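Letter by letter, the chains look like this.
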Amino acid sequence: MQSLLDLLRETVASPWVYLVIFLITAVDAVFPAVPGETVVVTAGVFAATGPPSLAGVIVVAAVGAFTGDHLSYALGRSGGSHRLARLPMNSRRRAGSQWARRAVDRRGGMILATARYVPGGRTAVTLTMGAVRYPLRSFLGYDALAVTTWAGYCALLGYFGGLAFERDPIRGVLAGIGLSVAITGLLEAARWTRRRIRRRAAVRAGPTGARRR
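None of these values were measured; they are calculated from a predicted model.

Reading the values: rules and limits
Counting starts from 1 at the beginning of each chain's written sequence and moves along it residue by residue. It should be noted that, the model being predicted, local features are given only for residues of pLDDT at least 70 and side-chain atom pairs only at 80 or more, the latter also being counted only at that level, while totals for whole chains, interfaces and linings use all residues. The side-chain values count all of the structure's non-hydrogen atoms but skip hydrogen atoms and water molecules. The secondary structure listing takes helices from DSSP runs of H or I that are at least 4 residues long and strands from runs of E that are at least 2 residues long, numbered from the N terminus. Burial here depends on accessible area, computed with a 1.4 Å probe over protein chains only, as a share of the maximum for the residue type. Under 20% is buried, over 50% is exposed, and the range in between is partly exposed. Any two residues whose heavy atoms approach within 4.5 Å are treated as being in contact. Accessible surface area values rest on a Shrake-Rupley calculation with a 1.4 Å probe, where residue burial reflects the displayed protein chains alone. The set of buried Ala, Val, Leu, Ile, Met, Phe, Trp, Tyr and Cys residues whose side-chain atoms join them within 4.5 Å is what this entry labels a nonpolar core. Each polar contact in these results corresponds to two N or O atoms within 3.5 Å; when the atoms are within protein, one needs to be able to donate a hydrogen and the other to accept it, and residues that are neighboring in sequence are counted only if both atoms are side-chain atoms. By definition here, a helix of n residues has an expected span of 1.5 Å times n minus one. Patch membership requires more than 30% relative accessible area and the absence of a salt bridge. Residues of like charge join within 9 Å; the nonpolar side chains Val, Leu, Ile, Met, Phe, Trp and Tyr join within 5 Å. Within this document, salt bridges are pairs made up of a side-chain nitrogen of Lys or Arg and a carboxyl oxygen of Asp or Glu, the two lying within 4 Å of each other.

Caption draft 1: Up close: the overall build of the chain. On a plain count of helices and strands, the chain comes out with 8 helices and 0 strands. Shown N-terminal to C-terminal, the secondary structure of the chain runs as helices and strands in the order α-α-α-α-α-α-α-α. Split into buried and exposed, the 213 residues of the chain put 39% on the buried side. If you take every contact in the chain between residues at least 6 apart in sequence, the share linking residues at least 24 apart comes to 77%. As displayed, the chain offers around 12500 Å² of accessible surface, 65% of which is attributable to carbon and sulfur atoms.

In structure tokens form, the structure reads like this:
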């Protein structure tokens, strides 16, 4: 365990750690299997007692996530829009894509900001926004806000975990990651509950609306 801790300290103390953070957060935006949050939280834990710099971790993580989100958006825009245009007019997938376009048009910024905290969800949203050709200028502005708050959130979770477990950074890492997972789970549970309430309300309102017509 001590050798692992020493290796982690040497890694995060190196200037190369910023390049690692950038690459992993960028790739994580396109391939959700890469642990972007874990890397930022871990760097934040060690920033509590020494290098790397907390501000540096936040900035580099935000830039990496921003780069990855725009790559995902570009992939959706280059290939997804053509596939959507070729869908049969009366197909379910065509109707779904049209619904996604309307939802993004109405609440694109909110959807993008919320999805950034859900691994996998952010990739689906950025690909969809590219596929439905959401305005690039609006995407750039909303995504800049989303990645900055996300990077600060992850790094600060680690930072405060590092302060709480100054003599045991591994526990600080586990505490930070655990809090991140718990908060993500709560957000997903709240979203699922709200969606279920809306469905029930729609089912109850359906027969009434039919009788009125």
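Caption draft 2: Seen up close, the environment of R116. With respect to the helices and strands, R116 occurs in the loop between α5 (92-115) and α6 (121-131). Taking the C-alpha atoms as reference points, R116 and A65, separated by 51 residues in sequence, lie 9.3 Å from one another. The contact partners of R116, leaving out residues within four places of it in the chain, are A29, E37, A65, D69, R122, A146, V147 and W150.

Caption draft 3: Region of interest: α6. When we look at burial in α6, the residues that qualify are R122, T123, V125, T126, M129, G130 and A131. In the segment just after α6, R133 is the residue with positive phi, at about 60°.

Caption draft 4: Spatial organisation of unusual backbone geometry. You will see that R133, though not glycine, has its phi angle at about 60°, which is positive. Within the secondary structure, R133 sits in the loop between α6 and α7 (136-164).

Caption draft 5: Representation of the nonpolar core. Counting 21 residues, the largest nonpolar core has I21, V40, V57, A61, W150 and C154 as its most contacted members. Elements with a contribution of two residues or more to this core: α2 (16-28), α3 (36-47), α4 (54-85) and α7. Ranked by residue count, the leading element in this core is α7, at 7 residues. Sequence-distant contacts of V40, that is, excluding residues within four places in its chain, are made with I21, T25, V57, A61, W150, A151, C154 and A155. Counting residues in hydrophobic clusters, the runner-up holds 9 residues, among them M129, V132, Y134 and F139.

Caption draft 6: A look at the side chain of D28. Structurally, the position occupied by D28 is in helix α2. Since its relative accessible area comes to 1%, D28 is described here as buried. Engagement of the side chain of D28 in a polar contact is seen with the side chain of R122, the distance being 2.4 Å. For D28, the residues in contact, after removing those within four places along its chain, are V34, G36, E37, R122 and T123.

Caption draft 7: Focus on α3. The end-to-end C-alpha distance of α3 is 17 Å, a good match for the 16 Å that 12 residues give at a rise of 1.5 Å each. In terms of burial, α3 is largely enclosed, as 11 of its 12 residues are buried. G36, E37, V39, V40, V41, T42, A43, G44, V45, F46 and A47 are the residues of α3 that are buried.

Caption draft 8: Layout of the environment of V30. Mapped onto the secondary structure, V30 falls in the loop between α2 and α3. A relative accessible area of 14% means that V30 is categorised as buried. Note: C-alpha distance between V30 and A124 (94 residues apart in sequence) is 9.0 Å. For V30, the residues in contact, after removing those within four places along its chain, are G68, L71, S72, L75 and T123.

Caption draft 9: Molecular detail of a nonpolar patch on the surface. A cluster of nonpolar residues, W16, L19 and L23, forms a patch on the protein surface that exposes about 350 Å² of accessible area. Take L19: it is sitting in helix α2.

Caption draft 10: Molecular detail of the pattern of salt bridges. A full pass over the atoms with the stated rule returns 3 salt bridges. For R122, the salt bridge identified is with D28, shortest N-O distance 2.4 Å. You can see R122 sitting in helix α6 and its partner D28 sitting in helix α2, a full 94 residues away along the chain. Here R122 and D28 have matching classes, each one buried. One connected set of salt bridges, linked through shared partners, spans D28, E37 and R122.

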